[in-house]
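Listed below are the residues making up each chain.
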Amino acid sequence: MRLPDYIIGFGRRHVFSSVLACTVVVAGTAVVLARPAHRSSAPTTRPAATAAEESNSAEHVDFDQPLLAGRKLPSVAEAAANLPFRPVAPAAAGQPISVWIPAQARQHLLALVYQHPSYGRFMVIEVPNVGTQQDLEGLVAQCATGCEEAWSLVHLEDGSEAVLFEGSPTIPHETTGVIWIHNGLALNVLGPAASFSRDAALALANRFNSANAA
Amino acid sequence: MHGIERRGVGRRRNVGRTGLTSAWLLAVVVFAGAVVYSLGPGAARAGASCTEYGVFWQMSTGGLLAYGAKNEITLHDQYADPCITPDNDLNASGQTARVFFGVKGYYVEAGWQEYACSSGVGHCFRSFMEWAIGGSGAQWRSANRHKYPCVNPGTQAIWSVIGEAARATSFDGYLNCEDGRGERYLTTLDLYPYYQGYGEGEGFFREASAMAETHQNLQWMDSARAWHPSLDVFCRYDTSKAPYNWNGLKVSATRFDVVQNAGTDC
């Protein structure tokens, strides 16, 4: 049975109008979802952030170019020629993808950046040790009243005491790493907390700790 | 019959038109509301962050490393950010004197910060020190008005971080209110194994808060614990890009101002 033309016409207009109305609503929703997050400062409409969600620092670790005005060198051997200490870079950790020393020769510091198949991106910072084991442990002591990351004392495989800091994987820019003293150097292995675990940090600290200087 | 049917259908069509008109009106209202919401005061709602931004200017030392930094810094009420609450206790804005250890995310600093008063009414100020190894560490804070009376809007004071002579990786913080009573001790932080770097001044803020301030009489301390005026100042790092665009403006070799949409970006 064929419906009268005016009914067919009404149905077509109804469907067309309904689709248009839905489109407008969907578009409006999309506009809301895509709006810039920083546009406003209305004090009463914005939900408060919690301290646990926000980094309290505007400056973060850079796992690509870690140093201020750093000199990128082609190899660890080249770095060794420019430093007053022998770098530690065990073959078991793989080859660093970049080797950095400060542009200012007076500062004695080495940063090795790695991209490891298992551990992902991490970095090792080596400096001459100027403190004591007590100074190292002081990092943990001053976190007794609370730090952004969890700081604790751990033992490496050779029995030496090290400091472990564990960042939250969900807070942007937090890191996880280990600091310890090794043959006159202070070493610090660290990676982004989102991808670099406590176990990875400890495993690598043990590799570097058992290695001989280059 | 047709007429009746037509009138009947006609009535239904009129009802349908009314319904469609209402649907259109609703849709338009929803759309308009969405646009207003998006562009207007509610724009920064859910999903907005409370990110901290900073402007870092460094002192030139003629190639020597700094073991301490000292800045005379102004203080103004610049809090305008709704993401700061008494509950989250985040800082809204602030300024520091600092030693940066050469590795990004490694530093010690002392200065002031503005925050939401715990009473929920008004803006409060406190002195603080912060240390970071691997990008974050912790803050020591004090809102003790008796001990640090000059942390108030409209004032200026000298803030310093100083590496200890006997224990190089320990840094002491001081506040000099310039009231004739000398340095007021803040606290001591352990930065092992870092002890030498670069003297800096920093301005920081979150979102809608401001940070227009002056850092002057910039000084750095050498390895013999002697203080020297900065030989020059330059932008070292700046995370405040558009739409905020706060920068440092060099005024002299020992002074920079934190300004918006002017100065030098980096």
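Refer to the preceding data block for the structure.
Below you will find a few notes about this structure.

## Focus: the overall build of chain B
Reasoning step 1: Counting its regular elements, chain B contains 1 helix and 15 strands.
Reasoning step 2: Summarising the internal contacts of chain B: among those between residues at least 6 apart in sequence, 64% fall at separations of at least 24.

## Here we look at the overall build of chain A
Reasoning step 1: In terms of regular secondary structure, chain A is built from 4 helices and 8 strands.
Reasoning step 2: Helices and strands appear in chain A in the N-to-C order α-β-α-β-β-β-α-β-β-β-β-α.
Reasoning step 3: In chain A, buried positions account for 37% of the 214 residues.
Reasoning step 4: Expressed as a percentage of contacts within chain A between residues at least 6 apart in sequence, the contacts between residues at least 24 apart total 55%.

## Thoughts on the pairing of strand E7 (residues 155-163) of chain B
All names here are of chain B.
Reasoning step 1: The sheet contact formed by strand E2 (residues 68-75) and E7 spans 8 bridges and is antiparallel. Residue Lys 70 lies in a different strand from E7, and its bridge partner there is Ser 160.
Reasoning step 2: In this structure, E7 lies alongside strand E8 (residues 170-176), joined through 6 bridges in antiparallel fashion. By the bridge assignment, Ile 162 is partnered in E8 with Asp 172.
Reasoning step 3: Connecting E7 to the next strand, E8, in antiparallel fashion are 6 residues.

## Observations concerning helix H4 (residues 198-209) of chain A
Residue and element names in this part refer to chain A.
Reasoning step 1: In a regular helix each residue adds 1.5 Å, so 12 residues correspond to 16 Å; H4 covers 16 Å between its end C-alpha atoms and thus fits that length.
Reasoning step 2: All of the buried residues along H4 are Ala 200, Ala 201, Leu 202, Leu 204, Ala 205, Phe 208 and Asn 209.
Reasoning step 3: Residues of H4 that are buried make contact with strand E4 (120-128), strand E5 (150-155), strand E6 (161-166), strand E7 (175-182) and strand E8 (185-192).

## Section: the sheet that holds strand E5 (residues 123-133) of chain B
Residues and elements named next belong to chain B.
Reasoning step 1: The strand order E6-E5-E4-E3-E10-E1-E13 describes an open sheet built from 7 strands, whose pairing is antiparallel. Whereas interior strands pair on both sides, the edge strands pair on one side only; in this sheet they are strand E6 (136-142) and strand E13 (232-238). Going across the sheet, the axis of each strand differs from the next one's by a mean of 20 degrees, ignoring polarity.
Reasoning step 2: Pairing of strand E3 (residues 91-100) with strand E4 (residues 107-116) involves 9 bridges; the strand directions are antiparallel. Of the residues in E4, the one forming a bridge with Val 99 is Val 108.

## A few points about the nonpolar core
Reasoning step 1: A:Val163, A:Val178, A:Val189 and A:Ala201 are the most contacted members of the largest nonpolar core, which totals 110 residues.
Reasoning step 2: Beyond its immediate stretch of four places on either side in the chain, A:Ala201 contacts A:Leu164, A:Thr176, A:Gly177, A:Val178, A:Val189, A:Leu190, A:Gly191 and A:Phe196.

## A look at the pairing of strand E14 (residues 246-252) of chain B
Residue and element names in this part refer to chain B.
Reasoning step 1: Note: E14 against strand E15 (residues 255-260), 6 bridges, orientation antiparallel. Bridge pairing links Ser 252 to Arg 255 in E15.
Reasoning step 2: Counted along the chain from E14 to the antiparallel partner E15, the turn is 2 residues long.

## What to know about the sheet that holds E5(A)
Think of a sheet as strands paired side by side through backbone hydrogen bonds, with each pair either parallel or antiparallel.
Residues and elements named next belong to chain A.
Reasoning step 1: What the 8 strands build is an open sheet, ordered E1-E2-E3-E4-E8-E7-E6-E5; its pairing is antiparallel. Taken across any chain shown, the strands that pair with only one partner, and hence form the sheet edges, are strand E1 (70-73) and E5. Averaged over all neighbouring strand pairs, the angle between strand axes comes to 20 degrees, with direction disregarded.
Reasoning step 2: Of the strand pairs in this sheet, E6 and E7 are connected by 3 bridges, and their pairing is antiparallel. Bridged to Leu 164 within E7 is Val 178.

## Description of the environment of A:Val140
All names here are of chain A.
Reasoning step 1: Of note, Val 140 is situated in helix H3 (residues 133-141).
Reasoning step 2: Classification of Val 140 by C-beta neighbours within 10 Å gives buried; the count is 20.
Reasoning step 3: With 66 residues separating them along the chain, Val 140 and Asn 206 place their C-alpha atoms 20 Å apart.
Reasoning step 4: Non-local contacts of Val 140, meaning those with residues more than four positions away in its chain, are made with Trp 151, Ser 152, Leu 153 and Val 163.

## Description of unusual backbone geometry
Reasoning step 1: In this structure, the amide linkage connecting B:Tyr192 to the following residue, B:Pro193, adopts the cis form with an omega of 0 degrees.
Reasoning step 2: Within the secondary structure, B:Pro193 is located in the loop between strand E9 (183-190) and strand E10 (198-206).
Reasoning step 3: Backbone torsion omega between B:Ala242 and B:Pro243 reads 10 degrees, so that peptide bond is classified as cis.
Reasoning step 4: With respect to the helices, strands and loops of the structure, B:Pro243 is situated in the loop between E13 and E14.
Reasoning step 5: Look at A:Ala69: it is not a glycine, yet its phi comes out positive at around 45 degrees.
Reasoning step 6: With respect to the helices, strands and loops of the structure, A:Ala69 is situated in the loop between helix H1 (5-33) and E1.
Reasoning step 7: On the basis of neighbour counts, which here come to 12 C-beta atoms within 10 Å, the residue A:Ala69 falls in the exposed class.
Reasoning step 8: Notably, A:Asn183 is not glycine yet its phi reads approximately 50 degrees, a positive angle.

Here is what the cut-offs are and how they apply
Residues numbered from 1 in each chain as written. Chains lettered and ligands numbered in written order. Predicted model: local features only at pLDDT ≥ 70, side-chain atom pairs only at ≥ 80, totals over all residues. Helix = DSSP H or I, 4+ residues; strand = E, 2+ residues; numbered from the N terminus. Contact = placed C-beta atoms within 7 Å. Buried ≥ 20, exposed ≤ 12 C-beta atoms within 10 Å, placed from the backbone. Pairing = 2+ DSSP bridges. Expected span 1.5 Å × (residues − 1). Axes fitted to C-alpha atoms, helices over the stretch in contact; angles between N-to-C directions. Core = buried A, V, L, I, M, F, W, Y, C linked by C-beta atoms within 7 Å.

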